[in-house]
Amino acid sequence: MKILICNDDGYQASGIIALYEALKDIADVEVVAPEQNNSAKSNALTLHSPMYVQTAANGFRYINGTPADCVHIALTGLLGYRPDLVVSGINNGANMGDDTIYSGTVGAAMEGYLFGIPSIAFSQTEKGWAHIDVAGRRARDLVQQLMPSLEKIAEGAQPTLAPWLLNVNIPNLPDAQIQGFKVCRLGRRHAAERVIMQTSPRGETMYWIGGAGAAKEEGEGTDFFATRHGFVSITPLQVDLTDHERLPYWAQTAAQLSQAVRSGPVTEPAQAAA
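Procedures and definitions
Residues numbered from 1 in each chain as written. Predicted model: local features only at pLDDT ≥ 70, side-chain atom pairs only at ≥ 80, totals over all residues. Heavy atoms only, no water. Pairing = 2+ DSSP bridges. Helix = DSSP H or I, 4+ residues; strand = E, 2+ residues; numbered from the N terminus. Axes fitted to C-alpha atoms, helices over the stretch in contact; angles between N-to-C directions. Contact = heavy atoms within 4.5 Å. Buried < 20%, exposed > 50% of the residue type's maximum accessible area, 1.4 Å probe, protein only. Core = buried A, V, L, I, M, F, W, Y, C linked by side-chain atoms within 4.5 Å. Patch = residues over 30% accessible without salt bridge, like charges linked within 9 Å, V, L, I, M, F, W, Y side chains within 5 Å. Areas by Shrake-Rupley, 256 points an atom, 1.4 Å probe, with all protein chains shown as cover. Salt bridge = Lys/Arg side-chain N within 4 Å of Asp/Glu carboxyl O. Phe/Tyr/Trp six-rings, centres within 6.5 Å; stacked < 30°, edge-to-face > 60°. Lys NZ or Arg CZ within 6 Å of the ring centre and 35° of its normal.

Right, let's talk about the sheet that holds strand 2 (residues 28–34) for a bit. Within the open sheet, the nine strands sit side by side as 3-4-2-1-5-6-7-13-8. Their pairing is mixed. What marks the edges here is a single partner per strand, and that holds for strand 3 (53–55) and strand 8 (180–183). Strand-to-strand twist across the sheet, computed as the mean angle between neighbouring axes with direction ignored, equals 25 degrees. Where strand 7 (residues 165–170) and strand 13 (residues 231–237) come together, five bridges link them in antiparallel fashion. Note on strand 13: the bridge partner recorded for Leu 165 is Leu 237. Of the strands in this sheet, strand 1 (2–6), strand 2, strand 5 (85–91) and strand 6 (119–124) are in contact with helix 1 (residues 14–23), which crosses strand 5 at around 135 degrees.

Pasting the structure below:
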């Protein structure tokens, strides 16, 4: 079993080290991660500046790019083989609800998914790396559970199973307080807090993006609810952004526009003679 590990906190972050240590004994694992923190970079790719791959003393390779850059470069030439699984994290803080849209952690896993490889994004619900060793063990538990199906996918025996994309959030709790795993839907947040304005030493106005909004939809069945009650939340994600329920409505709009086009251009009324 071959696993590619990435993250968005950078190759020196405690979360990616814990994830590597947790998985290295159960699979052939390689790390390709950003050089610097790239939180909230989502699926961004670097198109207008060169990137360089370097190797740290511990063997981790790092790139001066985004999380998606790292996975993209790894899969399109750097590795020289196709991994069976792409794993991203463990992120320093939650990626639940609307966070998943912005998350570089999820973005790295999604890049693997877009290449047709099963992928998982792991995050801790609180910042600070408390109980990161426990989070690593829970990540390993899930990967080990999935290994039989991953092997079948790799052998081509069950192609319909691939690809899939999981978003996993692990409470910062000791082993004894983790209640288990629960499959959930994404919750929702309120709108983000106001932008923060400051004055630079040169007298210019600086803007900082405000904090994430509080949970808005956090009832039973959501990732917010599960993690608050001590469960590791697992949410299957998809990339299809199509609003399927409203397709008929927009089809009517398109039909009306088409009819207007077929009827010919609208002529301006003739100007009255002076």
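Moving on from the model shown.
A cis amide bond links Gly 89 to the next residue, Ile 90, at an omega of -5 degrees. One non-glycine residue, Ala 40, lies in positive phi territory at about 65 degrees. Among the secondary structure elements, Ala 40 is positioned in the loop between strand 2 and strand 3. On the basis of relative accessibility, which here comes to 54%, the residue Ala 40 falls in the exposed class. At Ser 42, a residue that is not glycine, the phi angle is positive and equals roughly 50 degrees. With respect to the element layout, Ser 42 can be found in the loop between strand 2 and strand 3.

With that settled, the discussion passes to the nonpolar core. Ranked by internal contacts, the top residues of the largest apolar core, which has 36 residues, are Ile 3, Ile 120, Phe 122 and Val 168. Those elements giving two or more residues to this core turn out to be strand 1, helix 1, strand 2, strand 5, strand 6, helix 5 (132–155), strand 7 and strand 13. Looking at this core element by element, the count peaks at 10 residues for helix 5. Non-local contacts of Ile 3, meaning those with residues more than four positions away in its chain, are made with Leu 23, Ala 27, Asp 28, Val 29, Glu 30, Leu 85, Val 87 and Val 143. Among the nonpolar cores identified, the runner-up in size contains 12 residues, and Leu 4, Val 32, Leu 79 and Ile 117 belong to it.

The grouping of Val 195, Met 197 and Tyr 207 at the surface amounts to a nonpolar patch, some 330 Å² of accessible area in total. As for its placement among the helices and strands, Tyr 207 is situated in strand 11 (residues 205–208). We classify Tyr 207 as exposed; its relative accessible area is 55%.

What follows concerns the environment of Arg 188. Turning to its location among the elements, Arg 188 is positioned in strand 9 (residues 188–189). Among the residues examined, Arg 188 registers a relative accessible area of 44% and is labelled partly exposed. With 70 residues separating them in the primary sequence, Arg 188 and Pro 118 have C-alpha atoms 25 Å apart.

Turning next to the packing of aromatic side chains. All told, the structure shown has three aromatic pairs when counted by the stated rule. With a centroid separation of 4.0 Å and 5 degrees between ring planes, the pair formed by Tyr 11 and Tyr 62 is classed as stacked. One end of the pair, Tyr 11, is in the loop between strand 1 and helix 1; the other, Tyr 62, is in strand 4 (residues 61–63), with 51 residues separating them in the sequence. Ring geometry for Tyr 249 and Trp 250: centres 4.8 Å apart, planes at 80 degrees, overall edge-to-face. Between the NZ or CZ atom of Lys 182 and the centre of the ring of Phe 231, over which it lies, the distance is 4.5 Å.

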